[in-house]
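# Structural features, examined
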Amino acid sequence: MDYLMIFGLLGGLGLFVYGMKLMGDGLQKVAGERLKKILEVLTSNRYLAVLVGAGVTAIIQSSSATTVMTVGFVNAGLMNLFQAAGVMMGANIGTTITAQLLAFNLTDVAPLILAIGAAMVMFGKKKKTKDIGGIVLGFGVLFVGMEMMKDSMAPLRELEGFQNLIISIGQHPILGIFVGLAMTATVQSSSATIGILIALASNGAIDLTAALPILFGDNIGTCVTALLASIGTNKNAKRAALIHLTFNIVGTTIFMLLMRPLLYIIPLLGGDITRQIANTHTIFNIANVVIQVPFLGFLVAFVNKIIPGKDEDENQLQLIYLDKRILETPSIAVGQVVKEVVRMQNISNKNVNRSIEAFIKQDEKIIVKIEENEEVINYLNREITSYLVALSNAALSEYQSDVITSLFHIINDIERIGDHAENIGELAQYRIDKDLKFSDSGLNEIKLMGSTTAVSFENAVLALENFDFEAAKLVIKNEKEIDALEKKLREVHIERLSKYICQPASGALFLDILVNLERIGDHSNNIAQLVLEFENGLKPSL
């Protein structure tokens, strides 16, 4: 009998968590761009940050996911500590919606909800209809899982060992805190722990006296996810995770001191014990925010004291804007990928300009910088590609999927531009080693071709960074000029060779540089063409 109960509990819990995920994924697909805009207007205003945290958590149905995402935002430089603290506080409020929904006890109509959701997913013709169907289906699965947990745990109230545990928690509330902490840390979901509590209460297996300490411990347990997510991040991200832990420990301490008044007040609000648990969860999190948000500055000062010092200077050989935790919110992640790709473009652009400068000035120091930057470009190419692969498997809108597909091609073009700049750097080194001479007219022509190509690539950077379609059109126009200029300079150079004005060895180098610069123009044109594919659609909110 015991193993059947465990299997039923695990199966129900699995359906419960899966239902929340289906709901969260569906809501993100429907509201992804709105979610992006909400976070974009986030300011240092702590109260606005709390509202954003509550709203985001209500959408993705997981405070743990919101806090992990926030740690990622801080690590990627998207948020400062004040903003992150506000969002995390708000996440605690947002997560109470799940408990309130569970207290409605909709298990009787769950099969109908499942049928409606499945019909929308299977027979819906529009993508939005299917996404909404996913939300409805997840809602139904959540309640089916809840019913399974209730049924599996019904025998618990008859077990002497479980009864003794409940009595112990009633007599020693601190034990209940650790039980709640352990449960949430294990299942990595505070909503799932609240679901188990409500299932136990609905069977009469637990009373409010024992439920409240577990509920409070549950709020501390949810911090474990963010703490684990902060491993390997910068100091500010670690501080953000510590703020979340401190906030919940302080709140739990306050409410444990108010246990007796709470046990008297909560039943007066009405409802059965499941509603009382849901109401306590809501009151705890809202009151905790109201009490602590005025002292947010002290919280930030406290974590700065615990984790002192500044991060070391940013090493170029690392991702600045990307963090795997941000994958929890694809609409944000897409914008961050574009920023990282633009960063890769800017480094490649520097190398293009430096390669021409190195050739003209015969400066070996510049060539060394080109080689260092090329290492960074290759690193970014690998890491961004890997991130794009992960992001392409997330819950994306059709438009976001198109952006991701284009970015795969764009980073390949940027990497090839970096290669051509490196080739010119190597030609500059060859010129230095062989002490090859160039006429003033030849060097001026290289400068002209180099500056024309550089302008084209700079416009390609602007086109991607701002989805500037006019800049993209300029690149395409410049591509024709680059091709014509390359042809003209080649003919002029061949004429110089025929008149013995320049050395054959120097002439070969000149032609190689023209080829590399013309190819840079081709790849810039490719980037512009990919950006222009979005001209007739809505401009991406990146």
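Higher on the page you've got the structure.
Residues numbered from 1 in each chain as written. Predicted model: local features only at pLDDT ≥ 70, side-chain atom pairs only at ≥ 80, totals over all residues. Heavy atoms only, no water.

## Some remarks on the packing of aromatic side chains
A complete count under the given rule lists six aromatic pairs for this structure. Seen from their ring centres, Phe 255 and Phe 284 are 4.9 Å apart, and the 65° between their planes marks the pair as edge-to-face. Of the two residues, Phe 255 is situated in helix H13 (residues 235-257) and Phe 284 in helix H15 (residues 273-292); the sequence distance between them amounts to 29 residues. The exposure class assigned to Phe 255 is buried, which follows from its relative accessible area of 5%. The exposure class of Phe 284 is buried, given its relative accessible area of 0%. (Phe/Tyr/Trp six-rings, centres within 6.5 Å; stacked < 30°, edge-to-face > 60°. Helix = DSSP H or I, 4+ residues; strand = E, 2+ residues; numbered from the N terminus. Buried < 20%, exposed > 50% of the residue type's maximum accessible area, 1.4 Å probe, protein only.)

## Digging into a negative patch on the surface
Among the surface-exposed residues, Glu 371, Glu 372, Glu 375 and Glu 426 lie close enough to one another that they form a single negatively charged patch. Tallying contributions element by element places helix H18 (residues 364-392) first for the negative patch, with three residues. Relative to the elements of secondary structure, Glu 372 occurs in helix H18. (Patch = residues over 30% accessible without salt bridge, like charges linked within 9 Å, V, L, I, M, F, W, Y side chains within 5 Å. Areas by Shrake-Rupley, 256 points an atom, 1.4 Å probe, with all protein chains shown as cover. Salt bridge = Lys/Arg side-chain N within 4 Å of Asp/Glu carboxyl O. Lys, Arg positive; Asp, Glu negative; His and termini not counted. Charge placed at Lys NZ, Arg CZ, Asp CG, Glu CD.)

## Considering helix H16 (residues 296-306)
Those residues of H16 lying buried are Leu 296, Leu 299, Val 300 and Val 303. Buried residues of H16, viewed axially, fall in a sector of 95°; they line one side. Opposite the buried face of H16, at more than 90 degrees from it, the exposed residues are Phe 298 and Lys 305. (Arc of directions from axis to C-beta.)

## Regarding the packing of helix H17 (residues 330-361) against helix H22 (residues 504-532)
Two elements in contact, H17 and H22, have axes separated by 13 Å at closest approach and are oriented at 160°. On the basis of the axis angle, H17 is roughly antiparallel to H22. The element H17 and its partner H22 pack so that their crossing is left-handed. Here H17 contributes Gln 345, Val 352, Ile 356 and Phe 359 to the contact with H22, which in turn contributes Leu 509, Ile 513, Leu 517, Ile 520 and Ile 527. When the residues that make up the contact of H17 with H22 are grouped by side-chain class, the tally is eight nonpolar, one polar and no charged. (Axes fitted to C-alpha atoms, helices over the stretch in contact; angles between N-to-C directions. Parallel < 35°, antiparallel > 145°, perpendicular 65-115°, else oblique. Left-handed = near helix turned anticlockwise from the far one by under 90°. Contact = heavy atoms within 4.5 Å. Nonpolar A, V, L, I, M, F, W, Y, C, P; charged D, E, K, R; others polar.)

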